[in-house]
Amino acid sequence: MDKTQQMIELLGNLRREMNGAVADSMYYSGKRYGLNYGVSIPTIRSIARNVQPDMSLATYLLTQQVRELQLAALHIVPVEEFTTDDATSIEQHITNSELAEEASFALFGKCRCINALCERWMNSGDEQLTYCALLSAARNPIADRVAIATKLPAIITSDTSNIVIQGAIALLSAIANSPDKAIVSNLLKTLPDTAASDKIREEVAWMLEY
């Protein structure tokens, strides 16, 4: 079966789970796609698990302007074989927070090249990739979280978006729940004097008391 046939079969399975009300709510919250059938994330994950991992197919699905195909594609990437070179064909499609979140869950929170990717993405100036890097580092057990967190002062400014703030909170929270907990207080002190930094400190500081 070629990639087009596989895509048609996968899309048929996904469309049977469509929910127009969910699609409408996502549109108004700013998560825009060419087509959006409103299928729930757990359902997309369940359907994608029935597809044999295939990098070529995953890349092909990501080029389709269909929410469900793009999200399913992230679960079809062969994680064990994934490299920084492969990431180039993935990262260009991480165009909203939902894709960033699912990519961190399905792929980058598990891949072995996480540290190199975080280095690249946190220097990219792209808020979606920065958000994905922070979430992925928080999830991935082999991520050098402390080293990645030391880059936060360079990206937390008065104009920092809410998603990057949430990503920073996720990363620092992961460190606070690890043997490196004692380092978090010092990391918080290095943040610049901005409203974004204040929000991060407020959300993370309470974890240090327990």
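Just so it is clear, the structure is predicted and the values come from calculations on it, not from any experiment.

Rules used throughout
- Residues numbered from 1 in each chain as written.
- Predicted model: local features only at pLDDT ≥ 70, side-chain atom pairs only at ≥ 80, totals over all residues.
- Heavy atoms only, no water.
- Axes fitted to C-alpha atoms, helices over the stretch in contact; angles between N-to-C directions.
- Helix = DSSP H or I, 4+ residues; strand = E, 2+ residues; numbered from the N terminus.
- Parallel < 35°, antiparallel > 145°, perpendicular 65-115°, else oblique.
- Left-handed = near helix turned anticlockwise from the far one by under 90°.
- Contact = heavy atoms within 4.5 Å.
- Nonpolar A, V, L, I, M, F, W, Y, C, P; charged D, E, K, R; others polar.
- 1 Å grid on protein atoms, 1.4 Å probe; cavity = no way out; pocket = protein on both sides within 12 Å on 5 of 7 lines; lining within 4 Å.
- Points joined across faces, edges and corners; volume = space filled by probe spheres on them.

Caption draft 1: Examining the packing of helix H1 (residues 3-15) against helix H5 (residues 67-76) more closely. Where H1 meets H5, the closest approach of the two axes is 11 Å, and the angle between their N-to-C directions is 115°. The angle between the axes of H1 and H5 places the two elements in the roughly perpendicular class. The two elements H1 and H5 cross, and the hand of that crossing is right-handed. Contact residues: H1 offers Met7, Leu10, Leu11 and Leu14, while H5 offers Glu68, Leu69, Ala72 and Ile76. Grouping the amino acids of the contact of H1 with H5 by side-chain chemistry returns 7 nonpolar, no polar and 1 charged.

Caption draft 2: Spatial organisation of the layout of surface pockets. The space that makes up the largest pocket amounts to roughly 150 Å³. Considering the residues around the largest pocket, the lining is formed by Arg45, Ala48, Arg49, Val51, Pro53, Leu74, His75, Val77, Val79, Phe105, Ala106 and Lys110. Those elements that provide at least two residues to the lining of the largest pocket are helix H3 (41-48), H5 and helix H7 (97-108). In terms of residue class, the lining of the largest pocket is built from 8 nonpolar, 1 polar and 3 charged.

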